[in-house]
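Structural overview for review
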Amino acid sequence: MPGFAKRIVGAVVVVLAIIVVNAMLSAEGLFGFGVPRYWAHVLMLAGINVILAVSLNLINGFTGQFSIGHAGFMAIGAYASAYLTVYHGQAWERSLSGAVGETLAGVVVFLLAILVGAVVAGLAGLVVGVPSLRLRGDYLAIVTLGFAEIIRIVILNMEVVGGATGFTVPGETNFLWVGAFAVITILVVHNIVRSDTGRALISIREDELAAEAMGINSTRYKVLSFVVGSMFAGIAGALFGHYTRFLSTADFTFIRSFEIIIMIVLGGMGSITGSVLGAVVITVLPELLRLLPSVGGFNFADLRLVIYSALLILIMLTRPQGVLGEREFGFNWLRRAQKRPEGDEAVGAGAGVPIAGRPAPTGGGESGEDAVKGVENR
Amino acid sequence: MDTFVQQLINGLTIGTIYALIALGYTMVYGILRLINFAHGDIYMIGAFVGFFMAHGLGFAAEPSIVGLGVTLVGSMVAAALVGMAIERFFYRPVRKYARMTTLITAIGVSLLIENLGVVIFGNAPRAFPGLLHDATYPLFGNAAISKTQLLIFGVSVALMLLLQWIVYHTKVGTAMRAVSFNLNSAKLMGINTDAIIVFTFALGSALAAAGGVLTAQYNPTIYPLMGIITGLKAFVAAVLGGIGNIPGAVLGGLLIGAAETLVVGYGQNVGIPSTYRDAVAFAILILVLLFRPSGLLGTTVQEKV
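Residues numbered from 1 in each chain as written. Chains lettered and ligands numbered in written order. Predicted model: local features only at pLDDT ≥ 70, side-chain atom pairs only at ≥ 80, totals over all residues.

**A few points about the overall build of chain A**
Per the secondary structure count, chain A includes 13 helices and two strands. In chain A, which comprises 378 residues, the share counted as buried stands at 46%. When contacts within chain A are restricted to residue pairs at least 6 apart in sequence, those whose partners lie at least 24 apart make up 78%. (Helix = DSSP H or I, 4+ residues; strand = E, 2+ residues; numbered from the N terminus. Buried ≥ 20, exposed ≤ 12 C-beta atoms within 10 Å, placed from the backbone. Contact = placed C-beta atoms within 7 Å.)

**Quick look at the overall build of chain B**
The number of helices and strands found in chain B is 11 helices and four strands. The C-alpha radius of gyration computed for chain B amounts to 19 Å, which stays within 12% of the reference 19 Å derived for 305 residues, consistent with globular compactness. When its C-alpha atoms are laid out on the principal axes, chain B stretches across 60 × 45 × 40 Å. In chain B, once contacts between residues fewer than 6 apart in sequence are set aside, the share between residues at least 24 apart is 77%. (Rg over C-alpha atoms; globule rule 2.2 N^0.38 Å.)

**Focus on the packing of helix α12 (residues 304-318) of chain A against helix α4 (residues 99-121) of chain B**
In contact at an axis separation of 8 Å, α12(A) and α4(B) are set at 150 degrees when each is read in the N-to-C sense. Overall, the two elements α12(A) and α4(B) adopt an arrangement that is roughly antiparallel. Viewed along their axes, α12(A) and α4(B) form a crossing whose handedness is left-handed. Of α4(B), the residues touching α12(A) (which contributes A:Leu305, A:Val306, A:Ser309, A:Ala310, A:Leu312, A:Ile313 and A:Met316) are B:Thr101, B:Ile104, B:Thr105, B:Gly108, B:Val109, B:Leu111, B:Leu112, B:Asn115, B:Leu116 and B:Val119. Counted by class, the contact of α12(A) with α4(B) contains 12 nonpolar, five polar and no charged residues. (Axes fitted to C-alpha atoms, helices over the stretch in contact; angles between N-to-C directions. Parallel < 35°, antiparallel > 145°, perpendicular 65-115°, else oblique. Left-handed = near helix turned anticlockwise from the far one by under 90°. Nonpolar A, V, L, I, M, F, W, Y, C, P; charged D, E, K, R; others polar.)

**With respect to the confidence of the model for chain B**
Note that predicted coordinates carrying low pLDDT should not be read in detail. Residue and element names in this part refer to chain B. Averaged over all residues, the pLDDT of chain B is 87; the fraction at 70 or higher stands at 98%. Predicted confidence in chain B is weakest over strand β2 (residues 136-140), with a mean pLDDT of 77, and strongest over helix α8 (residues 193-218), with 93. Both scores are given for the predicted complex: the pTM is 0.82, the ipTM 0.83. (pLDDT = per-residue confidence, 0-100.)

**Details of the pairing of β2(B)**
Among the five residues that make up β2(B), zero are buried, leaving the element largely open to the surroundings. Hairpin geometry of β2(B) and strand β3 (residues 143-146) of chain B is characterised by an intervening segment of two residues between the two adjacent antiparallel strands and by a positive phi of about 60 degrees at B:Gly141. (Pairing = 2+ DSSP bridges.)

**Describing the packing of helix α3 (residues 70-100) of chain A against helix α9 (residues 218-244) of chain A**
Residues and elements named next belong to chain A. Following both chains from N to C, one finds α3 and α9 inclined at 55 degrees, their axes separated by 6 Å at the closest point. As far as their axial angle goes, α9 and α3 are oblique. Here α3 and α9 pass one another in a crossing that is right-handed. When α3 is examined against α9, the residues His70, Phe73, Met74, Ala75, Ile76, Gly77, Ala78, Ser81, Ala82 and Thr85 are found in contact with a partner set consisting of Ser230, Ala233, Gly234, Ile235, Ala236, Gly237, Ala238, Phe240, Gly241 and His242. Residue composition of the contact of α3 with α9, grouped by class: 11 nonpolar, nine polar and no charged.

**A look at helix α9 (residues 226-241) of chain B**
Over its 16 residues, α9(B) runs 23 Å from end to end, which matches the ideal 22 Å to within 8%, given 1.5 Å per residue. At the C-terminal side of α9(B), B:Gly242 shows a positive phi close to 110 degrees. (Expected span 1.5 Å × (residues − 1).)

**Section: unusual backbone geometry**
Of note in this structure, A:Arg245 is not a glycine but carries a positive phi near 60 degrees. In this fold, A:Arg245 is placed in the loop between α9 and β2 (246-247). The phi angle at B:Arg33 is positive, at roughly 55 degrees, despite the residue not being glycine. Along the polypeptide, B:Arg33 turns up in the loop between α1 (2-32) and α2 (39-56).

**Concerning the nonpolar core**
Residues A:Leu239, B:Ala79, B:Ala210 and B:Val236 are the most contacted members of the largest nonpolar core, which totals 205 residues. Excluding residues within four positions of it along the chain, B:Val236 makes contact with B:Ile256, B:Ala281, B:Phe282, B:Ile284 and B:Leu285. (Core = buried A, V, L, I, M, F, W, Y, C linked by C-beta atoms within 7 Å.)

**Quick word on the environment of B:Leu214**
All names here are of chain B. Here leucine 214 lies in helix α8. The class of leucine 214 is buried, set by 28 C-beta atoms lying within 10 Å. Between the alpha carbons of leucine 214 and phenylalanine 4 there is a distance of 24 Å; along the sequence they are 210 residues apart. Look past the residues within four positions of leucine 214 in its chain and what remains in contact with it is Ile17, Ile152 and Val155.

This is the structure we're talking about:
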């Protein structure tokens, strides 16, 4: 089948799948095949986490930057879109439904709210990224954490979006939205990565100085990946807010950022399918823990965060590149063993595994050990 | 004027605690170029060990200087052991990998300790027993300094002087400085770098634990997550002073403590609600990294390829 036709078929299959799943998640189910509400909830969260994980992977995995403040951008997207739907949504819907009918008006307004959330989150990514991306790994991590906390504290103090008491939001999200945006996120990130821009990002990850020597403006590309990543985090936040119907800043703490990090670490930083895998596993894990019998009144579900941290440490100690490393799991894999053009070892330098024949980056020498480009501290 | 002095005293008190913790961050960064995210949790462990010691050995019932001393030393030793264990089992195996791996491991260890603390100790805050008969000494006007604050200043200064002596006047200290200069060259000079690294972790952790016990005298509530925000602020203090620089850590700590208290104290008049307290440290961090990334006392070295 020619490539073009393959893509059309693929697109149709995906769209149908989303519609079918959405129908199955609704109360009546599809031809009587429903999905229990509980697992429907898990599926929605998994979809949102996929968007978060894939977008963070663009920044952390493909560009090699260490951002641990993703929840801040999610929060911005959530609150910005919520502000629109709560204060203007009904008015706009009414004025539009005269022209295009009620359902379409609702769709347009929600889409607009999501897009606004994305844009505001992207702007925040720009504001955070431009000054911070001059900094090297450790510092960037702390600064992104700091910014996420500042964002959270500022939102907490904004009475117009509820402040400390929380913000009630109309429920607009269903699986159609989540599934569609998840697919869009994957497609966009996949296309970026396979393009020249993606090559620039990967080269920055591998060796920033060499990339600069090759003429790549590393700051520009780093900011680009940061902004794109935060835009999608904003979309995820908007979807999340309109699904849970109640926003509170407690949902957007460092714990949330950490959960997204462990998703991409588990799946493999540098692999889109890996982050999807990681997102699904980490979403489902707490539910599975809840199903475990309580041992002497001690509920395993409370150990969720302990298990996450232990899992993270274990992965770092034994297989730092995660499950998929930098490989993708696709239909090709089913036809032949996945081989990278350069050889069949997963290139793990970005994630920390020394490549055979190439010693691991040394930790003691002067070169490359600087805090900020051109600066070292004594 | 007296309010200002009072605020300043209060700020410097917290600042001294930040300084003690910041010293640990700065020493570990100096030798390993690693931000030990778990350091804030060592501070928490120190406070909790002190708590259990004070209750277990009966010091809670009868406040005394001896009790305070024993609790302090005991928690410092316990924290040093924990710090050494963390280094040995979690950081050493990943030292050979890329920076991001060690960073993620550090975050993992930090979260592990915090959440284990929550699971084992429960999230409910506990009241740390006062080990001193507190008293207040008025200074002038409304300003006063309490015995606890004097204790904090006294013990911290003593510990910092001790650290200064160790680092600059002993062989181990010289080895530490050598390792922080260039790890591989230090190895070539015959220094057992692994041992030095372990020693540094032990020192830093002991200081953080002292900070924990002292804070618990000042602010008696302790809870398993108390290390997160304080640890982050202490890290900001280390960066402010110039990370890798020991006097810098002290200076940074004092500045952050003072800034935080003054902003909150006087900010009320300018419309900054006190809930922004934690944001002050982060704002300072961002400003420092934007305008003077090497910190106040740090020096810049050109990056070589």
